[in-house]
Amino acid sequence: MRRLLIDSGNSRVKWGWGGESGVESTAVVDAEQLEQLPEYWRRESAPNQVWMVNSAGQQREQQLQQWVQQCWALQPQIIQSAEQWGALTNGYANPQQLGVDRWLGMVAAWQRTKGAFCLIDCGTAVTLDFVDTDGEHQGGLILPAVGSTLQTLLQRAPHLKAHYREGQHQLLLGRTTEEALKAAEHGVGLMLNEVLVQLESRYGLFGVWLTGGAAEKIQQELSAEAEVASELVLEGVDLWASL
């Protein structure tokens, strides 16, 4: 079975090939060069299936669907966040409000760890999600990218604007997008280190996974040890497709 796996984010589209050997032959194109994507895909052998996650809005999703159909006459399978994957449980009050890239990153991290972990995805936004030893997602944070600001984040990811509200809340982690965005008012590196210390104090030891384009840069800013897994979201797509 030859599966094309697509991770469509606000800043770029990443794809790779999944199957019995896991995820391999990954590639990426920036959003500014997105029109080149069909040219890249036509150089590849035809897949049997196409599975996709999209965090960049309906227009992007329709465009990618059209290109997949043009290249291989296939209809991509669009994955949405779910309430559960095995023992892993989505902690959001509305499970589908959790970004699907965050959910599938957790699926892959849980498969690797089978224990408590913190996943930090370093893309257009820096997101943090914590899962305890029982696979219960305790919530997460949404922060601007390194060197960016909250307002820049809201401009580059306009779907978040409707969820942002000024004011304070006392939660360490959010279980809605609105709560998760509150941490964006603080510095990214400082906030991440503070949250990791608080999480260890509350839950004990856990693993830290980093993924996304700025993962290595974030790794240098963290006080805690963290492992970079650059293909984690695509791994999650492949695991989901294997069910």
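Thresholds, definitions, all that
- Residues numbered from 1 in each chain as written.
- Predicted model: local features only at pLDDT ≥ 70, side-chain atom pairs only at ≥ 80, totals over all residues.
- Heavy atoms only, no water.
- Helix = DSSP H or I, 4+ residues; strand = E, 2+ residues; numbered from the N terminus.
- Buried < 20%, exposed > 50% of the residue type's maximum accessible area, 1.4 Å probe, protein only.
- Areas by Shrake-Rupley, 256 points an atom, 1.4 Å probe, with all protein chains shown as cover.
- Pairing = 2+ DSSP bridges.
- Phe/Tyr/Trp six-rings, centres within 6.5 Å; stacked < 30°, edge-to-face > 60°.
- Contact = heavy atoms within 4.5 Å.
- Axes fitted to C-alpha atoms, helices over the stretch in contact; angles between N-to-C directions.
- pLDDT = per-residue confidence, 0-100.
- Core = buried A, V, L, I, M, F, W, Y, C linked by side-chain atoms within 4.5 Å.

A. Fine view of the overall build of the protein. Along the backbone of the protein there are eight helices and 12 strands. Here the protein holds 243 residues, and the buried ones make up 51% of them. Of the accessible surface of the protein, which amounts to about 11400 Å², a share of 42% is contributed by carbon and sulfur atoms.

B. Main features of the pairing of strand S11 (residues 207-211). Among the five residues of S11, four are classified as buried, and the element is accordingly described as predominantly covered. One ladder, built from five bridges, connects strand S8 (residues 117-122) with S11; its direction is parallel. Residue pairing for S11: Phe117 is matched across the bridge by Gly207. Bridge analysis of S11 against strand S12 (residues 227-228) gives two bridges, and the strand direction is parallel.

C. Broad picture of the packing of aromatic side chains. Tallying each qualifying case throughout the model produces six aromatic pairs. Consider the rings of Trp103 and Trp240, whose centres lie 6.5 Å apart with planes at 75°: the pair is edge-to-face. You can see Trp103 sitting in helix H3 (residues 100-113) and its partner Trp240 sitting in helix H8 (residues 232-241), a full 137 residues away along the chain. You can call Trp103 buried: its relative accessible area is 0%. Measuring from ring centre to ring centre gives 5.0 Å for Phe130 and Phe206, while their planes differ by 80°; the resulting arrangement is edge-to-face. Within this pair, whereas Phe130 is found in strand S9 (residues 125-131), its partner Phe206 is found in the loop between helix H6 (188-203) and S11, the two being separated by 76 residues in sequence.

D. Spatial organisation of the sheet that holds strand S2 (residues 12-18). Pairing in this open sheet of five strands is mixed, and the strands run S3-S2-S1-S4-S5 from one edge to the other. Strands at the two margins of the open sheet, each flanked by one partner only, are strand S3 (24-30) and strand S5 (77-78). Looking at chain direction, strand S1 (residues 3-8) and S2 are connected through six bridges and run antiparallel. The residue of S2 that forms the bridge with Ser8 is Val13. H8 rests against S1, S2, S3 and strand S4 (49-54) of the sheet, and its axis sits at about 135° to S1.

E. Inspection of the confidence of the model for the protein at higher detail. The predicted model of the protein has a mean per-residue pLDDT of 87, with 84% of residues at 70 or higher. When the elements of the protein are averaged for pLDDT, helix H4 (residues 150-156) gives the smallest value, 49, and strand S7 (residues 88-89) the largest, 98. Low pLDDT, under 50, characterises residues 160-171; the stretch is placed with 26 contacts to residues that sit more than four places away or in other chains.

F. Structural detail: the environment of Gln33. With respect to the helices and strands, Gln33 occurs in the loop between S3 and helix H1 (37-42). Taking C-alpha positions, Gln33 is 8.8 Å from Arg12, a pair spaced 21 residues apart along the chain.

G. Highlighting unusual backbone geometry. Unusually for a residue other than glycine, Ser25 sits at a positive phi of about 50°. Mapping Ser25 onto the fold places it in strand S3. Judged by relative accessible area, Ser25 falls into the exposed class, the value being 53%. Even without a glycine there, the phi angle at Ala73 is positive, about 55°. The residue Ala73 is located in the loop between helix H2 (58-72) and S5 in this model. Residue classification places Ala73 among the exposed residues on the basis of a relative accessible area of 67%.

H. Spatial organisation of the nonpolar core. Counting residues in each nonpolar core, the largest one holds 28 residues, and the members touching the most others are Ile79, Trp103, Leu104, Met106, Phe117 and Trp240. Of all elements in the fold, only S4, H3, S8 and H8 reach the threshold of two or more residues within this core. When residues in this core are grouped by element, the largest group, eight residues, is from H3. Residues Cys118, Leu128, Leu199 and Leu210 belong to the second largest nonpolar core, which totals 23 residues.

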